[in-house]
Amino acid sequence: MAGNTFDGTVTVESRLAALEENVIVQGGDFVAARVDSVIKINLSLGKSKIPSPDLKMTNWYARNFGLVKQEVTSQIGKSTVEYAGEK
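Description of the structure in this document. In this text, all values refer to a predicted model and were calculated from it rather than measured experimentally.

What counts and how
- Residues numbered from 1 in each chain as written.
- Predicted model: local features only at pLDDT ≥ 70, side-chain atom pairs only at ≥ 80, totals over all residues.
- Heavy atoms only, no water.
- Pairing = 2+ DSSP bridges.
- Helix = DSSP H or I, 4+ residues; strand = E, 2+ residues; numbered from the N terminus.
- Salt bridge = Lys/Arg side-chain N within 4 Å of Asp/Glu carboxyl O.
- Buried < 20%, exposed > 50% of the residue type's maximum accessible area, 1.4 Å probe, protein only.
- Contact = heavy atoms within 4.5 Å.
- Polar contact = N/O pair within 3.5 Å; in protein donor to acceptor, adjacent residues only side chain to side chain.

This part is about the pairing of strand β5 (residues 66-74). Successive side chains on a regular strand alternate, one facing one side of the sheet and the next facing the other. By the bridge criterion, seven bridges tie strand β4 (residues 55-62) to β5 in an arrangement that is antiparallel. Directly across from Tyr 61, in β5, lies its bridge partner Leu 67. Counting the residues that bridge the hairpin from β4 to β5 gives three residues, and of these Asn 64 lies at a positive phi of roughly 60°. In terms of strand pairing, β5 meets strand β6 (residues 77-82) through six bridges, oriented antiparallel. Residue pairing across strands places Glu 71 opposite Thr 80, the latter belonging to β6. Counting the residues in the hairpin turn of β5 and β6 gives two residues.

We now examine the pattern of salt bridges. For the coordinates displayed, the defined rule picks out five salt bridges. When the shortest N-O distance is used, the salt bridge between Asp 36 and Arg 15 registers 3.6 Å. Taken together, the residues span a long stretch of sequence, with Asp 36 in strand β2 (residues 28-45) and Arg 15 in strand β1 (residues 6-25) at a distance of 21 residues. The salt bridge partner of Glu 21 is Arg 34, with a shortest N-O separation of 2.6 Å. Of the two residues, Glu 21 is situated in strand β1 and Arg 34 in strand β2; the sequence distance between them amounts to 13 residues. For Glu 21, a relative accessible area of 21% gives the class partly exposed.

Each C-alpha atom of the pair Glu 21 and Thr 9 lies 32 Å from the other, and the pair is 12 residues apart in sequence. Leaving out residues up to four positions away in the same chain, Glu 21 has contacts with Phe 30, Val 31, Ala 32, Arg 34 and Trp 60. Here the side chain of Glu 21 touches Trp 60 through a polar contact of 2.7 Å, side chain to side chain.

Remember that the coordinates give geometry; whether it matters functionally is a separate question.
Next comes the structure, spelled out in structure tokens:
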């Protein structure tokens, strides 16, 4: 692939889905705002388009704290990251 150039765009469309949603993570219980997003990736290598399915991402943000949980879903599966508490 040396000498080849990738080109493309990444578009993120987000919406505030809830202002006060209860979310339970390993690090505790929070009241959080939920933001749902769709990530669209369009890539090409020369004249060939590279298939990239959309990703769906949900983030929960607690007031005066920040991100407490994130879920990303795609055709290959689901990934979750969450606040685990203080050590």
